[in-house]
Amino acid sequence: MTRQQAVDFAAARLVQVCDNPRLDAQLLVCHACDIEHAVLFAHPEIPLSRSEESLFRSCCSSRLLGTPLAHISGKKEFWSLEFIVNEHVLIPRPETELLVETALQCIAEKKVVKILDLGTGCGAIAVAIAKERRDCTVVAADISTPALKVARMNAKRHGIDILFIHSDWYENLGRHQFDVIVSNPPYIAEKDPELDAHVAQFEPALALISGESGLEALERIIGKASRYLAPGGHIVLEHGFRQGQQTRRLLQQHGFEQVRTCQDLAGQDRVSCAHLGAGQAQRSP
Ligand SMILES: C[S@@+](CC[C@H](N)C(=O)[O-])C[C@H]1O[C@@H](n2cnc3c(N)ncnc32)[C@H](O)[C@@H]1O
């Protein structure tokens, strides 16, 4: 079987389970042959070795059962960087790049900034920001020990120095104070009928679900943010596309100013940000 035949074989079968079967098929062949996409295009006529074909067939079967490509390959691109992912972390989503963009805009004028990423997962947000702003100090927290292990690997892989802390939101952050808090917390309601069955099956509930309303994590993060933000500090939060108004209200209730929501590429509310008036900052415990 040549690389091209393998792509055609997989694409024909994957029609049942994915939106872009040909692209998935190409990525499966690249993974099985350990080659870049460009190499597949340049040499589609090369036959798969016996071991490549066996790996290709088993990956194809997993994908047909709904396993995400990122779990099959063990990696996912975010902010044009490659991240290691596994079943313990959320697979970084393209819309989260808006959060990174917004956070970078907030600190564009500032020098030497201290940033906190709450619920860092595989570390995608923390690493992306740290890569762009080498002058910043980045602290990243998560309640999941296996997620932090993945995040540490990703920071090392990208040559970034990040302080990782195992913490239930702010609980173990001590007296640290930050200029920016960023977070993409879990924000799906427990019984949300729109939660994709494959997402729920393959990604950790801890990374997806947040209480009955879906807003519990956002409430906890916003509720204590002023204790950990320096005066004039910013908060930048991702949320569900129907949660923009509630998130803005929560931010206003907790004394944040210049509250605004940014829309993702689909035109949907996705990231809300605000800054803390100088009089609102409290001392951390
Ligand atoms: C939606 S995922 C985001 C992961 C990553 N930041 C990203 O954007 O790809 C939410 C993350 O919050 C973490 N998390 C959930 N509850 C938490 C808590 N109480 N304290 C700290 N982190 C928590 C989960 O383990 C998960 O890694």
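Let us look at the structure shown here. (Residues numbered from 1 in each chain as written. Predicted model: local features only at pLDDT ≥ 70, side-chain atom pairs only at ≥ 80, totals over all residues. Heavy atoms only, no water.)

Some remarks on the site of the ligand
And step 1. The environment of the ligand is formed by 18 residues, the closest being Gly 119, Asp 142, Asp 168, Trp 169 and Asn 184.
And step 2. Gly 119 is positioned such that a nitrogen or oxygen atom in its backbone is 2.8 Å from a nitrogen atom of the ligand.
And step 3. About the coverage of the ligand: the protein hides 95% of its 600 Å² of free accessible area. (Near = heavy atom within 4 Å. Polar contact = N/O pair within 3.5 Å; in protein donor to acceptor, adjacent residues only side chain to side chain. Areas by Shrake-Rupley, 256 points an atom, 1.4 Å probe, with all protein chains shown as cover.)

What about the environment of Ile 165?
And step 1. You can see Ile 165 is positioned in strand 5 (residues 162-166).
And step 2. Along the primary structure Ile 165 and His 88 are separated by 77 residues, whereas in three dimensions their C-alpha atoms are 17 Å apart.
And step 3. The residues touching Ile 165, leaving out its near neighbours within four places in the chain, are Val 139, Ala 140, Ala 141, Asp 142, Leu 148, Asn 172, Leu 173 and His 176. (Helix = DSSP H or I, 4+ residues; strand = E, 2+ residues; numbered from the N terminus. Contact = heavy atoms within 4.5 Å.)

Observations concerning unusual backbone geometry
Leaving glycine out, the prevailing phi sign among residues is negative, and the prevailing peptide bond configuration is trans.
And step 1. Positive phi, close to 55°, is recorded for Asp 34, a residue that is not glycine.
And step 2. With respect to the helices, strands and loops of the structure, Asp 34 is situated in the loop between helix 2 (21-33) and helix 3 (37-42).
And step 3. Residue classification places Asp 34 among the exposed positions, given a relative accessible area of 68%.
And step 4. One non-glycine residue, Gln 258, adopts positive backbone phi at about 50°.
And step 5. Relative to the assigned elements, Gln 258 resides in strand 8 (residues 256-263).
And step 6. Judged by its relative accessible area of 63%, Gln 258 falls in the exposed class. (Buried < 20%, exposed > 50% of the residue type's maximum accessible area, 1.4 Å probe, protein only.)

Here's the deal with the side chain of His 239
And step 1. In this structure, His 239 sits in the loop between strand 7 (229-238) and helix 12 (244-253).
And step 2. Side chain to side chain, His 239 and Ser 272 meet in a polar contact 2.8 Å long.
And step 3. Dropping the residues within four chain positions of it, His 239 is found in contact with Tyr 187, Leu 218, Gly 244, Thr 247, Thr 261, Asp 269, Arg 270, Val 271 and Ser 272.

What to know about the pairing of strand 1 (residues 75-78)
And step 1. In the sheet, strand 1 pairs with strand 2 (residues 81-84) via 4 bridges, with the strands oriented antiparallel. What sits directly across from Lys 76, in strand 2, is Phe 83.
And step 2. Linking strand 1 to strand 2, which pair antiparallel, is a turn of 2 residues; within it Trp 79 sits at a positive phi near 55°. (Pairing = 2+ DSSP bridges.)

A short note on the side chain of Arg 270
And step 1. Positionally, Arg 270 belongs in strand 9 (residues 269-276).
And step 2. What makes Arg 270 buried here is its relative accessible area of 9%.
And step 3. Separated by 3.1 Å, the side chains of Arg 270 and Asp 264 make a polar contact.
And step 4. Beyond its immediate chain neighbours, meaning those up to four positions away, Arg 270 contacts Glu 95, Leu 98, Tyr 187, Leu 237, Glu 238, His 239, Gly 240, Phe 241, Thr 261, Cys 262, Gln 263 and Asp 264.

Concerning the packing of aromatic side chains
And step 1. The final tally for this structure, using the stated rule, is 3 aromatic pairs.
And step 2. Taking 6.2 Å as the distance between ring centres and 70° as the angle between the ring planes, the aromatic pair formed by Phe 78 and Phe 83 counts as edge-to-face.
And step 3. Phe 83 gets classed as buried once you look at its relative accessible area, which sits at 0%.
And step 4. Judged by centre distance (4.6 Å) and plane angle (10°), the ring pair of Tyr 170 and Tyr 228 falls under stacked. Remark: Tyr 228 occurs in helix 11 (residues 216-228) and Tyr 170 occurs in the loop between strand 5 and strand 6 (178-183); sequence separation between them is 58 residues.
And step 5. We classify Tyr 170 as buried; its relative accessible area is 3%.
And step 6. Look at Tyr 228 and you get buried, because its relative accessible area is 4%.
And step 7. Here the guanidinium or amino end of Arg 13 rests over the ring plane of Phe 9, the centre of that ring lying 3.7 Å away.
And step 8. Directly above the aromatic system of Phe 178 lies the positively charged group of Lys 114, at a separation of 5.4 Å from the ring centroid. (Phe/Tyr/Trp six-rings, centres within 6.5 Å; stacked < 30°, edge-to-face > 60°. Lys NZ or Arg CZ within 6 Å of the ring centre and 35° of its normal.)

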